[in-house]
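Structure at a glance
Here's the letter readout for the chains.
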Amino acid sequence: MASKIRRALLPAGTLIAFVLLWQAVCSAFEVGPYVLPAPWTIASYMADNAARLWDQLSFTLLLALKGIGLGVAIGIAAALLFHLIPGVRAALSPIIIITQNIPTIALGPLLIVWFGFGLAPKLILLALVCFFPVAWSMLAGLGQAAPHLREYMAMIGASRWEVLRRLELPASLPSFFTGLKLTATYGVTAAIVAEWLGSSEGIGHYIVLKSKGYDTTGVFAAIVCIVALALAFYGAAVLLERLVIRWRPGTSNAAAGKRRDAA
Amino acid sequence: MNVGLEKEAKLELIGVSEGSAKEAKLELIGVSKSYRRDRKRHPVLDRLSLRVGEGEFVTLIGPSGSGKSTLFRLIGGVELPDEGSIRIDGKETNGKRGLIGYMPQQASLFPWLSVAANVSSALTTAGIEAGEAKRLAAEWLRRIDLGDVAGEYPHVLSGGMQQRVSFLRALLMPRAVMCLDEPFAALDALTRAEMQAWLLRLWEEERRSVLFVTHSIEEALTLSDRIYVLSRAPARILKEIRVPLPRPRRGDVWKEPAFVALKEEIMGLLGEGTSP
């Protein structure tokens, strides 16, 4: 526990030093708040507008949750489909790679043209961004189950379903969580972009309003909220990973342990 | 009808001596297998015939690379033989899976399952109902003194303990024959001797039909009723040896003169088999 605190001390120290330096520069050179607001200015702005910011943030939070949920669900389904039916992967992967290469900035307006200003285009955008990291990393994980365990299951005559449930799915969990952590951060950014493109609520919309009004402090306040939200999502993914993966991944052979010999 | 005649003829040809074919739990008749690599045929098994009787401990011993793992894959139904027939409980089972209990060289325990769940999940694969599988696993883990680690993940266990769990998993599967593929090869000498004594005791209580593969002549002689000595690839059976040592055996059975004589004989055979 003590060593954990010590390890966290250094990055926290750098962050505090950075904020202090920022504050000092703004005060010393009398930088105008419309160019670069000082941290203290941003903090007091956030305190004054707490209720409004919270409303916008919770809207974004809900949108991001829905989008990430949908994206993760599609990602898992796609990984399983590609894994179980190899032809599908070969057939569809070019299209999927293409969808990942279209900038969201370009795709967003098109989706609005096709699906209007409601929830649908935003969810589609989010799902498109969110499903890919989950699908691809989980697919890799499903294929990487230890060969000796695969051989054991074949030798005892386990069915395809048993191999999937007992071996491949658990073996893919570490990769799945790698994908989930990526998706958690991308998802928040994608939600902001979606709101920025066409919405009357949310932090993304708030940024548009504030930047159009040259309210730089407002923009910074929104950025702080977004970063906090992204960090919270990432933290939740890490926490979930710790709760689910309690075994030590990657070792099951005899060489694994000599610690607890038969007495 | 012809098939029956042919089988008898074959049995005569290979000189099956012990008992009638009826009580054989596992029987291989003229099994051959070769692989194609770089457009060349590499024969691995050459008309191999062997049998494991009810409650018999039979060992295959041979130089490394003599196709023993291939043989197990054929028996397990993971691969098909080029010719010949594999019979379990008297029925032809070429390419049929799910009829043997199996203990591989590496313990192959699932790292995300507790020790008890590792045992019980294998039992449900073998068709035992989940509740009963759990009960059996818990009861037997206690019986082999692993009751206090039943709830732990396998990585906590030493290599020897992992192999005990792996053996238990194979033993409890209600299947005609247990195939053990060099199960102690990865263990250090001391643990290995300990495991042999442990396996001997447990097997002599249970008397299951076992096909065991090893490189170690001492291990083969200590554990087996019969030994088949294999040649280098393509594997043929050089000799079938009945081990006359009485049961129950103890770990110090290697002191017996008969043991020493047989060891010498097998070493000679393996030497012949390897020289060109």
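Residues numbered from 1 in each chain as written. Chains lettered and ligands numbered in written order. Predicted model: local features only at pLDDT ≥ 70, side-chain atom pairs only at ≥ 80, totals over all residues. Heavy atoms only, no water.

Chain B appears in an unreviewed UniProt entry as ABC transporter ATP-binding protein from Cohnella fermenti.

The name given to chain A in an unreviewed UniProt entry is ABC transporter permease, with the source organism recorded as Cohnella fermenti. Its UniProt record, at the heading Subcellular location (unreviewed entry), says of chain A: "Cell membrane". In its Sequence similarities (unreviewed entry) section, UniProt records this for chain A: "Belongs to the binding-protein-dependent transport system permease family." (UniProt positions renumbered as here; feature names shortened; annotations may be inferred.)

This part takes up the interface of chain A and chain B. Across the contact, 29 residues belong to chain A and 36 residues belong to chain B. If you look at where chain A meets chain B, you find one salt bridge. Across the pair Glu151(A) and Arg73(B) runs a salt bridge, and its minimum N-O distance is 2.4 Å. Inspection of the region where chain A meets chain B yields eight residue pairs in polar contact (both at pLDDT 80 or more). Sorting the residues of the side of chain A that touches chain B by element identifies α7 (147-155) and α8 (160-197) of chain A as the ones contributing at least two each. Per element, the largest residue contribution to the side of chain A that touches chain B is seven residues, and it comes from α7(A). Residues of the side of chain A that touches chain B, tallied by class, amount to 14 nonpolar, six polar and nine charged. (Contact = heavy atoms within 4.5 Å. Salt bridge = Lys/Arg side-chain N within 4 Å of Asp/Glu carboxyl O. Polar contact = N/O pair within 3.5 Å; in protein donor to acceptor, adjacent residues only side chain to side chain. Helix = DSSP H or I, 4+ residues; strand = E, 2+ residues; numbered from the N terminus. Nonpolar A, V, L, I, M, F, W, Y, C, P; charged D, E, K, R; others polar.)

So, about the UniProt feature "transmembrane region" (unreviewed entry) in chain A. All names here are of chain A. Residues given the UniProt feature "transmembrane region" (unreviewed entry) here are residues 59-82, 94-117, 123-143 and 218-240. As annotated, residues 59-82 comprises 100% helix and 0% strand, and the C-alpha atoms at either end are separated by 34 Å. Counted over residues 218-240, helix gives 100% and strand 0%. Its end C-alpha atoms are 33 Å apart.

With that out of the way, let us pick up the packing of aromatic side chains. All names here are of chain A. According to the stated counting rule, one finds 15 aromatic pairs over all chains in the structure shown. Considering the side-chain rings of phenylalanine 132 and tryptophan 136, the 4.8 Å spacing of their centres and the 25° angle between planes classify their relative orientation as stacked. Of this pair, phenylalanine 132 and tryptophan 136 both sit in helix α6 (residues 119-143), four residues apart, roughly one helical turn. Its relative accessible area of 23% is what places tryptophan 136 among the partly exposed residues. (Phe/Tyr/Trp six-rings, centres within 6.5 Å; stacked < 30°, edge-to-face > 60°. Buried < 20%, exposed > 50% of the residue type's maximum accessible area, 1.4 Å probe, protein only.)

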